Amino acid sequence: MTAADYHLVTMTTDVRLALLGCGAIARYHLDAIKGYVPRVKVTACIDADWTRASAYAVETGGTAFASLDDAISADAFDAISIMLPHDLHESTTLKCLAAGKHVMLEKPMAPTLEASARILEAGRASGRVFMLAENAQYWPEVVAALNLIRQGEIGDLVTGRAAFVSEYNPKWFTGQAWRLSQARTGGGITIDGGSHWVRPMRMWFGNITRVVGVVGYPMEEMQGDSLMRSLVQFESGVYASYDGLMVNTPLGPQESWRITGSDGEIVIGGFPGGGVNLYNRKHRSGLSLEGNWGYAMSFVGENQDFVNAILDGAPLAAGPEDSLQELRVAHAIYRSAASASWENV
Ligand SMILES: NC(=O)c1ccc[n+]([C@@H]2O[C@H](COP(=O)([O-])OP(=O)(O)OC[C@H]3O[C@@H](n4cnc5c(N)ncnc54)[C@H](O)[C@@H]3O)[C@@H](O)[C@H]2O)c1
């Protein structure tokens, strides 16, 4: 095989990927793809905002489209990353699956569990790869903590604390009125960014069976909850606390997670990626682990997982049914806040 033939083979085995929604999170997906996911060619950049679609098309060499229908009609892609407001997740996912496309859908699956059930069913029936994108599954700090737990560095798990706490960051909300609208998102921080704090807890402790929580609305800009305090219980019987807070004021530093075991503790620094510290009898003053840390790195494994599933038939790190658990937890917390009692997930 000549070099030219080899090039042809690799070109034809690349995934022809569409980016649907060229907004804030698309930047992270694209940077990860460009840096670390070679078997992808971005062939379509779709956004109702033509300036955004065009800019991504120029950057990737793909074609800009103003609508999903246009890109489907042009047969411009085989797989798609859907990165749209939550209320558009169901209609666009169903349309893409019906057109025979592989779909990676940004979290949450949909604002409601009913819509999510319809999406899941369409994914099952499609025979294509359907993946719910929960980047925390691949967050380097989260994976490192999982490895420490598996290596027995902190013994048996006793309890945990998760804190999704952040100052209101206009970067995620400027020009994104949808993200402040309860009707368009399905809720507030518990259903939105909160999922990235629940997935790690499930990876370390196992599934969450019941929750009790309250919600509040301190951030005027956001219709949904911007404060949440809860206790979650895992299948093992272990309890953890899980907090969420977004306010429009500077805040003091706060770790994202604390995992306490019978023989030590793991502490993961605050968002967007504050490294991993291990405390046990060998490291009484703490061992700061080395790593290529950070939230941005989590999009590497996520995109690799999608591509490997399409090209190699590799299993996803978390299938779509499993990935619905974060939304189930969010809705259980909302039910608990209304009923003032424990609610099953
Ligand atoms: N994994 C994470 O850490 C993370 C972080 C932020 C957002 N998200 C998720 O990503 C998704 C998108 O969020 P975002 O922050 O990128 O939003 P965004 O508003 O920045 O981007 C959405 C884009 O979709 C475009 N759009 C809207 N309606 C459209 C339509 N009908 N057809 C074509 N384009 C349309 C908008 O013009 C915009 O450019 C949401 O599901 C959100 O929850 C995930």
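Just so it is clear, the model here is predicted, and its values are computed rather than measured.

What to know about the pattern of salt bridges
Side chains that carry opposite charge are capable of pairing whenever their charged atoms lie near each other.
Item 1. Under the defined criterion, the tally for this structure stands at 23 salt bridges.
Item 2. Across the salt bridge formed by Glu 59 and Lys 34, the nearest N and O atoms sit 2.5 Å from each other. With a gap of 25 residues between them, Glu 59 in helix α3 (residues 50-60) and Lys 34 in helix α2 (residues 24-36) connect regions that are remote in the sequence.
Item 3. On the accessibility criterion, Glu 59 (31% relative accessible area) is partly exposed.
Item 4. Judged by its relative accessible area of 52%, Lys 34 is exposed.
Item 5. Put simply, Arg 258 and Glu 265 hold a salt bridge, and the shortest N to O gap is 2.9 Å.
Item 6. Accessibility expressed as a relative area gives 24% for Arg 258, which makes it partly exposed.
Item 7. Here the salt bridges share partners, and the residues they tie into one network are Arg 16, Asp 75, Asp 78 and Lys 101.

Description of the environment of Asn 344
Item 1. Within the secondary structure, Asn 344 is located in strand β15 (residues 343-344).
Item 2. A sequence separation of 78 residues divides Asn 344 from Ile 266, and the C-alpha atoms of the two residues are 28 Å apart.
Item 3. In this structure, Asn 344 is in contact with Thr 209, Arg 210, Ala 332 and Arg 335, ignoring residues within four places of it in sequence.

Focus on the sheet that holds strand β4 (residues 79-82)
Item 1. Taking strand neighbours across the sheet as the criterion, the 6 strands line up as β3-β2-β1-β4-β5-β6 in an open arrangement whose pairing is parallel. In this open sheet, the two strands that pair with only one neighbour each are β3 (63-65) and β6 (130-133). Ignoring strand direction, the axes of neighbouring strands in this sheet form an average angle of 25°.
Item 2. Here 6 bridges tie strand β1 (residues 15-20) to strand β2 (residues 40-46), and the two strands are oriented parallel to one another. Bridged to Leu 17 within β2 is Val 42.
Item 3. The strands touched by α2 are β1, β2 and β5 (102-106); relative to β5, the strand with the most contacts, the crossing angle is about 130°.

Thoughts on the domain arrangement of the chain
Item 1. Each assigned domain of the chain is listed with its residue range as follows: domain 1 (3-133) and domain 2 (137-300 + 325-344).
Item 2. Facing the 20 residues of domain 1 at the interface are 23 residues of domain 2.
Item 3. Summing both sides of the interface, domain 1 and domain 2 together bury roughly 1,800 Å²; the carbon and sulfur share of this comes to 65%.
Item 4. Interface area lost by domain 1 to domain 2 is led by Tyr 28, Lys 107 and Leu 113, which between them contribute 32%.
Item 5. Between Lys 107 and Asp 192 there is a salt bridge, and its shortest N-O distance comes to 2.6 Å.
Item 6. The tally of links from domain 1 across to domain 2 stands at 4 residue pairs in polar contact (both at pLDDT 80 or more).
Item 7. Residue assignment for the side of domain 1 that touches domain 2 shows that the elements contributing at least two residues are α2 and α6 (113-126).
Item 8. Of all the elements, α2 adds the most residues to the side of domain 1 that touches domain 2, at 6 residues.
Item 9. The residue inventory of the side of domain 1 that touches domain 2, partitioned by class, reads 13 nonpolar, 4 polar and 3 charged.

Cut-offs and rules
- Residues numbered from 1 in each chain as written.
- Predicted model: local features only at pLDDT ≥ 70, side-chain atom pairs only at ≥ 80, totals over all residues.
- Heavy atoms only, no water.
- Salt bridge = Lys/Arg side-chain N within 4 Å of Asp/Glu carboxyl O.
- Helix = DSSP H or I, 4+ residues; strand = E, 2+ residues; numbered from the N terminus.
- Buried < 20%, exposed > 50% of the residue type's maximum accessible area, 1.4 Å probe, protein only.
- Contact = heavy atoms within 4.5 Å.
- Pairing = 2+ DSSP bridges.
- Axes fitted to C-alpha atoms, helices over the stretch in contact; angles between N-to-C directions.
- Domains from an automatic or database assignment.
- Buried area = accessible area lost by both parts, 1.4 Å probe.
- Polar contact = N/O pair within 3.5 Å; in protein donor to acceptor, adjacent residues only side chain to side chain.
- Nonpolar A, V, L, I, M, F, W, Y, C, P; charged D, E, K, R; others polar.

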